[in-house]
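# Observations on the three-dimensional arrangement
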Amino acid sequence: MSIFIDTADIEQAKAAKESGWVHGITTNPILLSNTGSSAFEILQQLAELNIGLLFYQLVSIGKEDMLKEAQLAKAIAGDQLVLKLPPTKQGFQIIPHLPPEVTCCVTAVYSVAQALVARESGVRFIAVYVGRATKLLGDGLSLITEISRVLQGSQTQLLAASLKSPIEASSAILSGADHLTMPFDVLNALT
């Protein structure tokens, strides 16, 4: 199990690294745009911290543009990169065209069916946004439990995201999540 910080804020990432028990950073397009700098500039700064895995979500549309963006992100973050892809037809279709050394995460998964397709595509991670799933479906933790069953025996690991409290983080692990990611305030509240 690993705990990641969900941020694009360099100071928060530095503080998380100093904790000694945070093993990576998850970002998303909104977090990156809120910094006021270019996404790739922030990605570079986060990669230089060398905390561990560094999740970056593609924003390009179209196969060629997505491949170019993935290539640029890989050049910046190197082996730390985990490329986040949407659970859409286009997101799944890009996976076989990526170089094998690019680790992938299908993100914002809201159904067992999407998790099944992600598992069969061979990705290393699936991210379930627990808080959002609860708003949309009524119980995000039940979705974690169901998806964890689908992933048993596969190489695909379950990342619980959009966690709003230490209790929700603990419940996600008990429900079958392999990893957790949370914002800085929730991360600090764990201790």
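For clarity, every value in this text was computed on a predicted model and none was experimentally measured.

Now for the overall build of the protein. Regarding its fold elements, the protein presents 10 helices and 8 strands. Its C-alpha atoms give the protein a radius of gyration of 16 Å, near enough to 16 Å, the size a compact globule of 191 residues would have. Expressed as lengths along the three principal axes of its C-alpha atoms, the size of the protein is roughly 40 × 35 × 25 Å. The 191 residues of the protein split such that 47% are buried.

The subject of this paragraph is the environment of Leu67. Relative to the elements of secondary structure, Leu67 occurs in helix H4 (residues 63–77). With 37 residues separating them along the chain, Leu67 and Ile30 place their C-alpha atoms 21 Å apart. Among residues more than four places away in sequence, those in contact with Leu67 are Ile94, His97 and Leu98.

On to the packing of helix H3 (residues 39–49) against H4, then. One way to put it is that H3 packs onto H4 with a least axis distance of 9 Å and a crossing angle of 35 degrees. Along this stretch, H3 crosses H4, giving a crossing that reads as right-handed. Side by side, H3 and H4 meet where Phe40, Leu43, Gln44 and Ala47 of the first sit next to Glu69, Leu72, Ala73, Ile76 and Ala77 of the second. Of the residues belonging to the contact of H3 with H4, the class tally is 7 nonpolar, 1 polar and 1 charged.

One closed barrel accounts for 8 strands, arranged E1-E2-E3-E4-E5-E6-E7-E8; its pairing is parallel. Strand-to-strand twist across the sheet, computed as the mean angle between neighbouring axes with direction ignored, equals 30 degrees. Note: strand E3 (residues 53–57) against strand E4 (residues 81–85), 4 bridges, orientation parallel. Among the inter-strand pairings, Phe55 is bridged to a residue of E4, identified as Val82. Its contacts with the sheet put H3 on strand E2 (24–26) and E3, and the angle it makes with E3 is roughly 170 degrees.

What follows concerns the pattern of salt bridges. In total, this model carries 3 salt bridges according to the counting rule given. Its salt-bridge partner being Lys74, residue Asp79 comes within 3.5 Å of it at the nearest N-O pair. Residue class for Asp79 comes out exposed when judged on its relative accessible area of 72%. We classify Lys74 as buried; its relative accessible area is 16%.

The next point concerns the nonpolar core. Leu83, Leu85 and Ile126 are the most contacted members of the largest nonpolar core, which has 55 residues in total. Those residues in contact with Leu83 that sit more than four places away from it in its chain are Tyr56, Leu58, Ala70, Leu98, Val102, Thr103, Cys104 and Cys105.

Reading the values: the criteria
Going along each chain's sequence as written, the residues are numbered from 1 onward. Per-residue local features of the predicted model are confined to residues with pLDDT of at least 70, and side-chain atom pairs are confined, for both listing and counting, to 80 or more; whole-chain, interface and lining totals are unaffected and use all residues. Remark: hydrogens and water are excluded; side-chain values derive from all non-hydrogen atoms of the structure. Runs of H or I in DSSP of at least four residues are treated as helices and runs of E of at least two as strands, each being numbered from the N terminus. Note that the radius of gyration is over C-alpha atoms, with the globule rule given as 2.2 Å times the number of residues to the power 0.38. Per-residue accessibility, obtained with a 1.4 Å probe over protein chains only, is compared with the maximum for each type, and a residue is labelled buried under 20%, exposed over 50%, and partly exposed between these values. Two residues form a contact once any of their heavy atoms are found within 4.5 Å. Note on geometry: axes are C-alpha line fits, over the in-contact stretch for helices, and angles between N-to-C directions span 0 to 180 degrees. Each crossing is labelled by how the near helix is turned from the far one, with a counterclockwise turn of less than a right angle marking it left-handed and a clockwise turn marking it right-handed. Amino acids outside the nonpolar list (Ala, Val, Leu, Ile, Met, Phe, Trp, Tyr, Cys, Pro) and the charged list (Asp, Glu, Lys, Arg) are all regarded as polar, and Gly is one of them. One requirement defines pairing of two strands: DSSP has to find at least two bridges between them. Think of a salt bridge as a Lys or Arg side-chain nitrogen and an Asp or Glu carboxyl oxygen that are within 4 Å of each other. Definition of nonpolar core: a set of buried residues of the types Ala, Val, Leu, Ile, Met, Phe, Trp, Tyr and Cys, connected through side-chain atoms within 4.5 Å.

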